[in-house]
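Single-letter residue listing:
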Amino acid sequence: MFGTALKQMLAAKDGGKPYDEKALGSRVRSVVAEVVKKQLECGIDVVNDGEIGKSSFSRYVRERLSGFIARPAKPEERPSAIFGRDLAEFPEYFQKRLGTVRGENVWRVFCNGPLQYIGHAGLKAEIENFTAALEGLKVEEAFLPAIAPGTIEHWMKNDYYPSDEAYLFGLAEAMRPEYQGIVEAGFLLQIDDPDLPDGWQINAQVRANTYSIEASNPRHEHEWRVWEEVKLPEGKVLVPGVVGHATDIVEHPQAIADRLVKYAKLVGRENVMAGTDCGLGPRVGHPKIAWAKFEAMAEGARLASKQLWGK
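Keep in mind it's a predicted model, so treat the numbers as computed, not measured.

Engineer: Just checking my understanding: could you explain the overall build of the protein chain for this structure?
Structural biologist: Assigned secondary structure in the protein chain consists of 12 helices and nine strands. A globule of 311 residues ought to have a C-alpha radius of gyration of about 19 Å, and the protein chain, at 20 Å, matches this closely. Its C-alpha atoms put the protein chain at 60 × 45 × 35 Å along the principal axes. Evaluated residue by residue, the protein chain yields a buried proportion of 41% over its 311 residues. Taking the intrachain contacts of the protein chain between residues at least 6 apart in sequence as the baseline, contacts between residues at least 24 apart amount to 76%. With the model as given, the accessible surface of the protein chain reaches about 17600 Å², and the carbon-plus-sulfur share is 52%.

Engineer: Explain helix H1 (residues 4-14) here, please?
Structural biologist: Think of an α-helix as turning once every 3.6 residues; residues three or four places apart then point the same way. Buried residues of H1: Leu6, Met9, Leu10 and Ala12, and no others. Buried residues in H1, looked at end-on, bunch into an arc of 160°, giving them a common side. Pointing more than 90 degrees away from the buried face of H1 are the exposed residues Thr4 and Gln8. Residues of H1 that are buried make contact with helix H2 (21-41). The first or second residue beyond H1 is Gly16, which carries a positive phi of 70°.

Engineer: Looking at this structure, how should I read the sheet that holds strand E6 (residues 188-192)?
Structural biologist: In any sheet, the strands associate via hydrogen bonds between backbone groups, in a parallel or an antiparallel arrangement. One open sheet accounts for three strands, arranged E1-E4-E6; its pairing is parallel. Each edge of the open sheet carries a strand with a single partner, namely strand E1 (46-47) and E6. Sheet topology note: the E1/strand E4 (residues 141-147) ladder contains two bridges and is parallel. In the sheet register, Val46 faces E4, and the bridge partner there is Glu141. Packed on one face of the sheet, helix H8 (residues 164-184) meets E4 and E6 and runs near 175° to E4.

Engineer: I tried to follow the nonpolar core on my own but got confused; where do I start?
Structural biologist: In this structure, Leu65, Phe68, Ile152 and Tyr167 are the most contacted members of the largest nonpolar core, which totals 65 residues. When residues of this core are assigned to their parent elements, the largest contribution, seven residues, is made by helix H11 (residues 253-267). Once residues lying within four places of it in the same chain are set aside, the contact partners of Phe68 are Arg62, Val109, Phe110, Cys111, Asn112, Leu115, Ile152, Met156, Tyr167 and Leu171.

Engineer: Hey, could you run me through the environment of Val206 in this one?
Structural biologist: By secondary structure assignment, the location of Val206 is in the loop between helix H9 (196-200) and strand E7 (210-213). Overall, the relative accessible area of 28% leaves Val206 in the partly exposed class. Each C-alpha atom, one on Val206 and one on Asn112, is 29 Å from the other, the two residues being 94 residues apart in sequence.

Engineer: Just checking my understanding: could you explain the packing of aromatic side chains for this structure?
Structural biologist: Note on aromatic pairs: each is described by the distance of the centres and the angle between the planes. In this structure the tally under the stated criterion is four aromatic pairs. Here the aromatic rings of Phe130 and Phe187 are separated by 4.9 Å at their centres, their planes lie at 40°, and the arrangement is tilted. You can see Phe130 sitting in helix H6 (residues 120-134) and its partner Phe187 sitting in the loop between H8 and E6, a full 57 residues away along the chain. An aromatic cluster is built from Tyr160, Tyr161 and Tyr167, whose rings are joined through pairwise contacts. In this structure, Lys54 is placed above the aromatic ring of Tyr60, and the distance from its NZ or CZ to the ring centre is 4.2 Å. Sitting over the ring of Phe110, Arg71 keeps its end group 3.6 Å from the ring centre.

Parameters at a glance
Residues numbered from 1 in each chain as written. Predicted model: local features only at pLDDT ≥ 70, side-chain atom pairs only at ≥ 80, totals over all residues. Heavy atoms only, no water. Helix = DSSP H or I, 4+ residues; strand = E, 2+ residues; numbered from the N terminus. Rg over C-alpha atoms; globule rule 2.2 N^0.38 Å. Buried < 20%, exposed > 50% of the residue type's maximum accessible area, 1.4 Å probe, protein only. Contact = heavy atoms within 4.5 Å. Areas by Shrake-Rupley, 256 points an atom, 1.4 Å probe, with all protein chains shown as cover. Arc of directions from axis to C-beta. Pairing = 2+ DSSP bridges. Axes fitted to C-alpha atoms, helices over the stretch in contact; angles between N-to-C directions. Core = buried A, V, L, I, M, F, W, Y, C linked by side-chain atoms within 4.5 Å. Phe/Tyr/Trp six-rings, centres within 6.5 Å; stacked < 30°, edge-to-face > 60°. Lys NZ or Arg CZ within 6 Å of the ring centre and 35° of its normal.

Just distances and angles here, no functional claims.
Encoded structure:
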């Protein structure tokens, strides 16, 4: 999505190998600007920075928090609770995908000491790059994503805190400066927690203004029916994913519009916003496919708006 050179520099940084820090910073700033502009060209009016400066969705947290170490996983230490029942039902698939999931050669990251936020410089650069990219552009809203405590707990296991609950609250407290920093910079904060339903079985109880859900994932698309019985809390916004990250097929704008209208009729047209199931860039087969999905999403939203508002 953002070029081989940047990927290589981020991989070198993440792997502790030599890299040109100045060149990396310059390249990140440039690509963030490109990504923001491209989103607007696709017709998206609520934009983010594409998480360009992060090595991965979850791995970046090791640069923001102290108290972690990588070590070989014990045989009983599973790859991640996010797989849940799927791991038990399809062990052959995960054996092929992840290697020896219970073997001695599997390395995992563990919390081995008190957690503290050390990512102030990284967060500052992230905010400054996004602010610069938005200068002179007209957007409805701008947001920055940050990993959720529950997701960190899924991927980075506890070797230090007395209980899982204590570890989770320790993570939340340690990540507080990042969440606050994003809000204080004037951006919307997306606490990105794809593991929430898997790990905690809750949805509308989360104290957030907006809920983003996977609505085009074939495993979850039917879950729109929940809103026939559950009332969306007053003042909340629902962002159903109307394009998916699990397929390279570009959704038709009319199919996207139909999905949005279906939700609008259930929770109110003013309470629905088009979104993606999850991040597209590293998952679909080619960047052009990701951008085509964004274009289709914007066109589908326009069709839905015309149907719902008559304009």
